[in-house]
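Close look at the chain arrangement
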Amino acid sequence: MKLKINFLNLGINMELNNLKNTPSRDYHLDFAKGICIILMVIGHSSAPIWLHEWLSTFHMAVFFMASGFLWKLKNIDDINSLLKYIWKKIKSLYIPYVLCNGLFLVLNNFLVIIHIYPETSVLSTYQIMTGLLLILLTGNSTILGGATWFLSVLFLITILHAIYSFILKNFKYKNIIDFILVIFCIVMAEVINQLSLGFVLPLRIGILFSVYVLYRLGMIIKLIYDKLENITIGGGYQLIIVIALLGILIICSIFIGGVELNSGKIVNIAYLLFVSICGWGFLWVTASILHKYMNVICKIIGYFGRNTLPIVLWHFIAMKFVSYIWISTNNLSILLLASFPVIENTTYWFWTCYTVGGVFIPILVNIPYKFVKQILYERLKSMLIKSRSSNENSL
């Protein structure tokens, strides 16, 4: 037990050192992503319908806007920069998506045996092999990896945007073509929404248009932010803005409803853009207030924002641990463990337990993982240096 605690402490110390050595980051963005990843888990935790409707108005949209906000022209300076950017996205988005879903698919029948999947979910070897191929090529996801749709879609739009921008960067009429492309995506997003084609079209094409519009919206916000960066707003005005934007989002969620980006159901494109901008502004100004008056809370949420990937990948399986605790303490049938994503008939506030488990279990598991990864990386680096040195000496 002492060894485990020391191991975890070493991992936490490594995390603290990494934070000290990390270049200055915009705390607004980390905070926004941190809140949205928590809201994503809440959305999967059987929270009250009114809360689900409110958070779904903006929480996934902000993630795509944040990616657009971080876009830099240096990513396409030359062909090497483009290839480096593509490889970076393969490592950070595509590979985690494939490994997560591939693992759950290969373990599918084992998950049935331990009651995480229902008995009707048994797959043949052929079905598993076919499923792996679909994961690699089409963006399909497993049940426990359902949240990774975000990774596959974000990977696709970032890669396509980078290639498109590289091809057009020296073109005389690139701004006109760019404008036409954005208008085309807006129109297609609305057409797909009105015809309810989000789930029908292959390769997640049904949601690519609306998501790309959000990505470009993030780029526009970045341009505005750079121009207005030196303008400060007093604390009193910030509080008024937060309350006003929160009120707008609540009213929209009550009278119009939420947004389901993963299925292409966006009410309409104007509504999607409106609530997304309100959500972004709400989180951005809230971050400014907390950074000034409750900096510790801002930093904790920001830490979640810097570690969204393990939560996206593993929060569903983490919720199964919470379900198992509920089943054990209430002497219920183990078959309830297959309830997805959570057991519905619990106490009114038990969704908060699912939320805590869905956020903290992946984060706590990720700390020793990053520690081991760092150790292995340092050892491999040391071995390569020694090998290179011995080769030079032999010459």
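Anyway, here's the lowdown on the structure attached to this text. (Residues numbered from 1 in each chain as written. Predicted model: local features only at pLDDT ≥ 70, side-chain atom pairs only at ≥ 80, totals over all residues. Heavy atoms only, no water.)

With that out of the way, let us pick up helix α2 (residues 27–43). With 17 residues, α2 extends 24 Å from end C-alpha to end C-alpha; this agrees with the ideal 24 Å at 1.5 Å per step. Within α2, 15 of the 17 residues are buried, which leaves the element mostly enclosed by the surrounding structure. (Helix = DSSP H or I, 4+ residues; strand = E, 2+ residues; numbered from the N terminus. Expected span 1.5 Å × (residues − 1). Buried < 20%, exposed > 50% of the residue type's maximum accessible area, 1.4 Å probe, protein only.)

Moving on, we come to the packing of aromatic side chains. Scanning the model with the defined rule gives 24 aromatic pairs in all. When the centroid spacing of 6.4 Å and the interplanar angle of 70° are considered together, the rings of F171 and Y173 count as edge-to-face. Of the residues examined, F171 reaches a relative accessible area of 43% and is grouped as partly exposed. Summarising the aromatic geometry, the rings of F184 and F209 are spaced 5.9 Å apart at their centres and angled 80° between planes, so their arrangement reads as edge-to-face. You can see F184 sitting in helix α9 (residues 174–194) and its partner F209 sitting in helix α10 (residues 205–228), a full 25 residues away along the chain. For F184, a relative accessible area of 44% gives the class partly exposed. One aromatic cluster in this structure is built from F63, F64, W149 and F150. (Phe/Tyr/Trp six-rings, centres within 6.5 Å; stacked < 30°, edge-to-face > 60°.)

The next thing to look at is unusual backbone geometry. The amide bond that connects F340 to the next residue, P341, takes the cis arrangement and shows omega of -5°. With respect to the helices, strands and loops of the structure, P341 is situated in the loop between α14 (308–329) and α15 (351–394). Of note in this structure, S46 is not a glycine but carries a positive phi near 65°. Its place among the elements puts S46 in the loop between α2 and α3 (49–55). Judged by its relative accessible area of 31%, S46 is partly exposed. We note that H115 has phi near 70°; this positive angle belongs to a residue other than glycine. For H115, the position within the fold is in the loop between α6 (108–113) and α7 (125–138). For H115, a relative accessible area of 24% translates into the label partly exposed.

We now examine the side chain of N75. Among the structural elements, N75 can be located in the loop between α4 (59–69) and α5 (79–106). Filtering out sequence-adjacent residues up to four positions away, N75 remains in contact with S81, L82 and Y85. (Contact = heavy atoms within 4.5 Å.)

In this section: helix α11 (residues 235–255). What sets the pattern is the α-helix's 3.6 residues per turn: residues three or four places apart point alike. Over its 21 residues, α11 extends 30 Å from the first C-alpha to the last, a length consistent with the 30 Å expected when each residue adds 1.5 Å. Those residues of α11 that sit buried are Q238, V242, L245, L249, C252 and S253. Around the axis of α11, the buried residues are gathered within 100° of arc, so they sit on the same side. Among the exposed residues of α11, those pointing more than 90 degrees away from its buried face are Y237, I240, I243, I254 and F255. Along its buried surface, α11 packs onto α3 and α12 (269–293). Note on α11: the residue one or two positions beyond its end, G257, has a positive phi of about 115°. (Arc of directions from axis to C-beta.)

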